[in-house]
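If you want the building blocks of each chain, they are given just below.
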Amino acid sequence: MVNTLFDKIWQHHLVIKETQDTPAILYIDTHLIHEVTSPQAFQMLRDNRLKLRRPDKTFATSDHSTPTSQTNDDGSYNYFGEQEERQVNQLKINCEEFGVTLFPLGDKKQGIVHVIGPERGITQPGQTIVCGDSHTSTHGAFGALAFGIGTSEVGYTFATQCIPQRKPKTFGIEINGELQRGVTAKDVILAIIQQIGIGGATGHVIEYYGSTINNFSMDQRMTICNMSIEAGARAGMIAPDQTTFDYLKDREYSPKGKDWHSEVNEWKKLSTDQGAIFDKHIQIDAGQIEPMITYGTNPQMGIKIGEKIPIKNEEKALNYMGFSEQENLLGKPVDVVFIGSCTNSRISDLRVAANIFENRKVSKNVRALIVPGSHEIKRQAEEEGIAKIFIDAGAEWREPGCSMCLGMNGDIIQEKQICISTSNRNFEGRQGKGGRTILASPITAAAAAVSGMIVDPREFINP
Amino acid sequence: MKPFNKLATSIAVIDIENIDTDQIIGSDHLKITNKNGLGQHLFSDWRFLGSGEDNPDFILNQHVTKHSKVLVAGDNFGCGSSREHAPWALLDFGIQAVISSSIADIFSNNSIKNGLLPIQVSKEQHQFLLSKNAKPIEIDLVNQLINCEGEEFQFDIESFARHCLLNGMDQLDFLMDHLLKIEDYEKNKDAKEIAHEV
């Protein structure tokens, strides 16, 4: 019997198989929670007088509503408003009451939930991982089956450590070849979404594989898996290999000593068998991919940076963005540059951005925000001297959090402002009402920050 | 959760593809710690003008559709964020069913757990319904039938979702009924993990 990576993890976690009438019951190894989608689920436990079944498998952090500005002299936080503060405090109260490990605001282990899961070694190959957040697909980079759930299912996981699920289909995306200069994992995933569409993987779990993926670091793999949801996929995953094991070794929650070796031996079995068939399959030639930007109001509306906006009857989106068909966006002035989010806020993202900021200044018309994904990354960037490069260039070096990816904490752009953003969604109003988001890689974003306009980032990179 | 059986109402059509959950309920309104009052913010960037007044062009502000309980929307409705605030907002506003040619997975899952019926129809049926703004519609979940302007067609729905909607039950009871199996699974798994560590 040959199986896909997905099938192996799925079968291993079945408490009950699905029938015609009822879904499967899937066991969850790791439950990650944050302040926005968990309060009503904790309340459900109280209302039903239920215990949280496995606090040892539940990990919490605050990231969405948290301020990214410096603390005040007295150590207090500049919350955007009372609601944000209440939400963050409520998570603390809930975690204390139900015995959940929390990496709270101010803690040196705090950060964006999808950044700290891997960073702490909580995310491991072969696991099932859920979180009330659609970008949970990020963790699939480690060969885990990881997907976003709603608050009801957060509650179900609290109460039973399981969720009901119908088995999704599988979608193999094979990516081979070497990336061109100036092209990043972000450009690869934007090109894939542009090709298959925002609903192209609905009902499917994607497995990414091929020589390009094999050569990617874990940070790059996380960027790819992170945006699987932007093609509608339930999850995205990549088989674990030596790169994965090297990343996880000696992390706080990684297995240690003898356990480490036996786990790695198990993890090595987690790959799609030769001859296994995906329900859908495409091949991508990585060598053909160029730096990508979006021009519209969802992530499938992407173009190569020098291309004209296509004629596709996307009038509503183009009106919103203030662009027109056949327009070339090179030279377009930008107002804000945001480098951050669970897609692109890791140390390697900051390093490539810093290479461009070094010995340059942020254009006087641009506000540039650099928001590291976690305190650990922030500390590392400060040690490496990267933070100083950003500060010297005139960028804002901020505290970790989701920040301007969705602007819940007050980090927003103004109406009609154009923001080049390394985040994952360019939906209408995502970064602030009437704001215009252009998704791009950290290199493209950094090049725009120092140029004051959209430019081809390859101009900044020596051949 | 209210059981869903039959619904007779009028249709409100929003003929826009890929309506994401950020449009259904913006992140400004995710800061609550309960589920109350989200209906007033449903589609707020589209429903209200900058001044805060109703946008007269928006479908749910128009006399003939403002009380519609069925939304017929463009392809891939509910994509994006996993926020369950989206179905909470729709239900709180009075919408009880959403029809499209495809509906995003997480949104669909979340809807079912709250008694909001997501219906996926064929491309032709979708086109037909998109042309029926403000017209009467009947949805019969028991027989899985849609009736509109003399046309009747059957729709598919996953059997367990149908069962839960018809009985007004969320899915926690189903899981709780299997707690012994869950315990067995955990014992087995823990035993394997211990054996494995030795």
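One numbering rule holds for all chains: residues counted from 1, following each sequence as written. All chains are assigned letters beginning at A, and all ligands numbers beginning at 1, according to the order in which they are written. Note on the predicted model: pLDDT of at least 70 is required for a residue's local features to be given, and 80 or more for side-chain atom pairs to be given and counted; whole-chain, interface and lining totals, by contrast, use all residues.

Chemist: I would appreciate a short explanation of the sheet that holds strand β2 (residues 70–73) of chain B in the present structure.
Modeler: Residues and elements named next belong to chain B. Taken in spatial order, the seven strands make up an open sheet running β4-β3-β2-β1-β5-β6-β7, and their pairing is mixed. Across the chains shown, the open sheet's two edge strands, defined by having one partner strand only, are β4 (117–120) and β7 (151–154). Across the sheet, the mean angle separating the axes of adjacent strands is 25 degrees when strand polarity is ignored. Paired strands, as defined in this entry, are two strands with at least two bridges between them according to DSSP. In this text, helices come from DSSP runs of H or I with a minimum length of four residues, and strands from runs of E with a minimum of two, each type numbered from the N-terminal end. Taken together, the five bridges between strand β1 (residues 6–14) and strand β5 (residues 136–140) define a ladder with antiparallel strand orientation. Within the sheet, the bridge partner assigned to A8 lies in β5 and is E138. Think of each axis as a best-fit line through the C-alpha atoms, taken over the contacting stretch in the case of a helix, with angles from 0 to 180 degrees between the N-to-C directions.

Chemist: Which parts of the structure should I look at to understand the domain arrangement of chain B?
Modeler: Often the size quoted for an interface is simply the accessible area lost on bringing the parts together. Per the domain assignment, the segments of chain B are domain 1 (6–167) and domain 2 (170–198). As annotated, the domain borders come from an automatic or database domain assignment. In this structure, domain 1 of chain B and domain 2 of chain B have C-alpha centres spaced 37 Å apart.

Chemist: I would appreciate a short explanation of the packing of helix α2 (residues 39–47) of chain A against helix α5 (residues 151–160) of chain A in the present structure.
Modeler: In a pair of packed helices, the angle between the axes and the distance between the axes together describe the arrangement. Residues and elements named next belong to chain A. Running from N to C, α2 and α5 point in directions that differ by 45 degrees, and their axes come no closer than 8 Å. Relative to α5, the element α2 lies oblique. Once α2 is placed against α5, the crossing between them reads as right-handed. Two secondary-structure elements touch here, α2 through Q40, A41, M44 and L45 and α5 through T151, V154, G155, F158 and A159. The nonpolar class holds Ala, Val, Leu, Ile, Met, Phe, Trp, Tyr, Cys and Pro. Asp, Glu, Lys and Arg form the charged class, and all remaining residues, Gly among them, are polar. Residues belonging to the contact of α2 with α5 are distributed by class as follows: six nonpolar, three polar and no charged. Angles below 35 degrees are treated as roughly parallel, those above 145 as roughly antiparallel, those between 65 and 115 as roughly perpendicular, and all remaining angles as oblique. Crossings are assigned a handedness: left-handed for a near helix turned anticlockwise from the far helix by less than a right angle, right-handed for a clockwise turn. We call two residues in contact when the distance between their C-beta atoms, placed using the backbone, is within 7 Å.

Chemist: Looking at this model, I keep getting lost on the interface of chain A and chain B. Mind explaining?
Modeler: At the interface, 54 residues of chain A touch 44 residues of chain B. Looking at the side of chain A that touches chain B, the elements with two or more residues in it are β1 (14–16), β2 (24–27), α2, α3 (82–98), α5, β8 (162–165) and α10 (257–267) of chain A. Broken down by element, the residue count for the side of chain A that touches chain B peaks at six residues, all from α5(A). Partitioned by chemical class, the residues of the side of chain A that touches chain B number 16 nonpolar, 25 polar and 13 charged.

Chemist: Is there a simple way to think about the pairing of β5(B) in this case?
Modeler: For a regular strand, side-chain orientation follows a simple rule: the groups alternate between the two sheet faces. Residue and element names in this part refer to chain B. The side-chain alternation of β5 yields one buried face, formed by I137 and I139, and one unburied face, formed by P136, E138 and D140. Sheet topology note: the β5/strand β6 (residues 145–148) ladder contains three bridges and is antiparallel. Pairing of I139 across the sheet is with I146, part of β6. Hairpin connection of β5 to β6: four residues between the antiparallel strands, including Q144 at a positive phi of 55 degrees. Residue burial is a threshold on neighbouring C-beta atoms within 10 Å of the residue's own C-beta, all placed from the backbone, with 20 or more meaning buried, 12 or fewer meaning exposed, and counts in between meaning partly exposed.

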